Amino acid sequence: KTRQLSHAAQEAYEPTVIAISEQQFLFAWEQDQKLWLATGNHKQIANPVLLDSHTSSQVSLTMTPGGKLFACWIQLNPPHRQVVVSNINLSSKQPVVSQPIIVDKNSLPRRQSYPSLAATQQGIAVGWEDRQHGHTRIYTSFSTDGKNFTRKQVLNDFVPPQNTKYGRGTGATRVALSSDNKNTVVASWMDKRDFLGGYDIYAAISTDAGKSYNKNEIVQDMLGENQPQWHPAVAISPEGKVYVAWDDPRDDSPDIWLSERLKTEWSEDQLVEPASGDGPQTNPSIIFGPTERLHMVWIEQKSTGTILRYASQQ
């Protein structure tokens, strides 16, 4: 049975969900330029709670191994579009949201978007894209308590332009973070440093809970080198198994591909058979279950509209 989350809305979209127990979930979504929260399950959904009174969008949720819940999102506070983080307390009947904390407090107009959040034993890691330099860079920050964040650091290797006629340098976008709930965080993103082939998928690994990251690594193999890659998703299991998924059109129509992080390199690209074939297959989202099995949902585009599909590893 389906249940309605949004209420009296002209527009409601970009939902996200996180499990907070075996029988309870926390939902968040955008509705008429505001963000809302609600707890519930397949039997009952509680009344929604406003996450932010400002115009806001692009919410991400995470829960620490100790059970603390955090949300990050983009808050519009002219002239800023800024990443903010709040703690969410569920001890009362409805979620109680703490005062939003600005992650990057520099004085320049903040032009940030698409944040991602991951929790570790030491705190929370945040990543986002930023256009304050005239092209898009990926930045990260870390906090032990969700209140005090480290100075932001750039994640993607920056390649200056050879000719200013063609822009201010290579861009990177759509960062995704995943944690093993211990001290490892994996970041993946789209990167246009090789501008002739469109976006590539890159990744970087942090072994100190998201405080710093190792070198940038290209994820897709040589067969995907001259094709544009889109919509990266990343998942790391509690035992340290890492996958990145994306879609690209190397077989004439977008399909979903996977690569696994081996000891020192990424595997050859693996076609996800259920997410290939006729019609575009795009926008994967992946997560590991408790038995180290990888689960995936994605969008399949048909002539009659779009369909959400699900599959898991055998």
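Here's a quick rundown of the structure.

The rules we used
- Residues numbered from 1 in each chain as written.
- Predicted model: local features only at pLDDT ≥ 70, side-chain atom pairs only at ≥ 80, totals over all residues.
- Heavy atoms only, no water.
- Helix = DSSP H or I, 4+ residues; strand = E, 2+ residues; numbered from the N terminus.
- Rg over C-alpha atoms; globule rule 2.2 N^0.38 Å.
- Contact = heavy atoms within 4.5 Å.
- Core = buried A, V, L, I, M, F, W, Y, C linked by side-chain atoms within 4.5 Å.
- Buried < 20%, exposed > 50% of the residue type's maximum accessible area, 1.4 Å probe, protein only.
- Salt bridge = Lys/Arg side-chain N within 4 Å of Asp/Glu carboxyl O.
- Pairing = 2+ DSSP bridges.
- Axes fitted to C-alpha atoms, helices over the stretch in contact; angles between N-to-C directions.
- Polar contact = N/O pair within 3.5 Å; in protein donor to acceptor, adjacent residues only side chain to side chain.
- Phe/Tyr/Trp six-rings, centres within 6.5 Å; stacked < 30°, edge-to-face > 60°.

For the rest of this paragraph, the subject is the overall build of the protein chain. Looking only at helices and strands, the protein chain has zero helices and 24 strands in total. In summary, the protein chain has a C-alpha radius of gyration of 19 Å against a globular reference of 20 Å for 314 residues, a match within 12%. Seen along its three principal axes, the alpha-carbon backbone of the protein chain occupies a region of about 55 × 50 × 40 Å. Taking the contacts inside the protein chain whose residues are at least 6 apart along the sequence as the reference set, 40% of them involve residues at least 24 apart.

In this structure, Val186, Ile201, Val219, Val244, Trp246 and Trp266 are the most contacted members of the largest nonpolar core, which totals 15 residues. Mapped by element, the contributors of at least two residues to this core are β15 (185-191), β16 (200-206), β18 (230-236) and β19 (242-248). Here Trp266 is in contact with Ala203, Glu217, Ile218, Val219, Val242, Val244, Ser259, Glu260 and Arg261, once residues within four sequence places are set aside.

Right, let's get into the pattern of salt bridges. The final tally for this structure, using the stated rule, is 11 salt bridges. Arg261 serves as the salt-bridge partner of Glu217, at 2.8 Å between the closest nitrogen and oxygen. Of this pair, Glu217 sits in strand β17 (residues 217-218) while Arg261 sits in the loop between β20 (255-260) and β21 (270-271), placing them 44 residues apart in sequence. In this structure Glu217 comes out as buried when scored by relative accessible area, which is 12%.

As a further point, take the sheet that holds strand β24 (residues 305-312). The sheet built from three strands is open, its strands ordered β22-β23-β24 with antiparallel pairing. The sheet is open, and its two borders are formed by β22 (281-288) and β24, each paired with just one other strand. Averaged over all adjacent pairs, the angle separating strand axes in this sheet is 20 degrees, with direction ignored.

With respect to the helices and strands, Ser276 occurs in the loop between β21 and β22. Reaching out from Ser276, the side chain makes a polar contact with the backbone oxygen of Glu273 at a distance of 2.8 Å. Sequence-distant contacts of Ser276, that is, excluding residues within four places in its chain, are made with Asp255, Leu271 and Gln281.

The full count for this structure, using the stated rule, is five aromatic pairs. Between Trp189 and Tyr202, the ring centres sit 6.4 Å apart and the planes meet at 25 degrees, which makes this aromatic pair stacked. Of this pair, Trp189 sits in strand β15 while Tyr202 is found in strand β16, placing the two residues 13 residues apart along the sequence. Each member of the pair, Trp189 as well as Tyr202, is classed as buried. When the ring of Tyr199 is compared with that of Trp230, the centres are 5.7 Å apart and the planes differ by 65 degrees; the resulting orientation is edge-to-face. Of this pair, Tyr199 sits in the loop between β15 and β16 while Trp230 sits in strand β18, and the two are 31 residues apart along the sequence. Classification of Tyr199 as buried rests on a relative accessible area of 18%. Take Trp230: its relative accessible area is 35%, and that puts it in the partly exposed class.

This brings us to the pairing of strand β14 (residues 172-179). Here is the key point about a regular strand: its side chains alternate between the two faces of the sheet. Counting buried positions over the eight residues of β14 gives seven, a clear majority of the element. Bridge analysis of β14 against β15 gives six bridges, and the strand direction is antiparallel. Directly across from Thr173, in β15, lies its bridge partner Met190. Once β14 ends, the chain turns through five residues before running back antiparallel as β15, passing Asn181 with a positive phi of about 65 degrees.

For the rest of this paragraph, the subject is the environment of Thr120. Residue placement: Thr120 occurs in the loop between β10 (112-119) and β11 (124-130). Given the relative accessible area of 2%, Thr120 is considered buried. Remark: the alpha-carbon pair of Thr120 and Pro65, spanning 55 residues in sequence, is separated by 6.8 Å. Look past the residues within four positions of Thr120 in its chain and what remains in contact with it is Thr64, Pro65, Phe142, Ser179, Lys182, Val185 and Ala209.

Turning our eyes to something else, we now look at unusual backbone geometry. The peptide bond linking Pro78 to Pro79 adopts the cis configuration, its omega dihedral lying at 10 degrees. Phi is positive for Glu14, close to 50 degrees, though the residue is something other than glycine. Along the chain, the position of Glu14 falls in strand β1 (residues 12-19). One non-glycine residue, Ala209, lies in the positive phi region at around 75 degrees.

With that out of the way, let us pick up the pairing of β15. The element β15 is largely enclosed, with a buried count of seven among its seven residues. Residues Val185, Ala187, Trp189 and Asp191 line one face of β15 and the alternating positions Val186, Ser188 and Met190 line the opposite face, and both faces are buried. Where β15 meets β16, seven bridges bridge the pair, whose relative direction is antiparallel. The residue of β16 that forms the bridge with Ala187 is Ala204.

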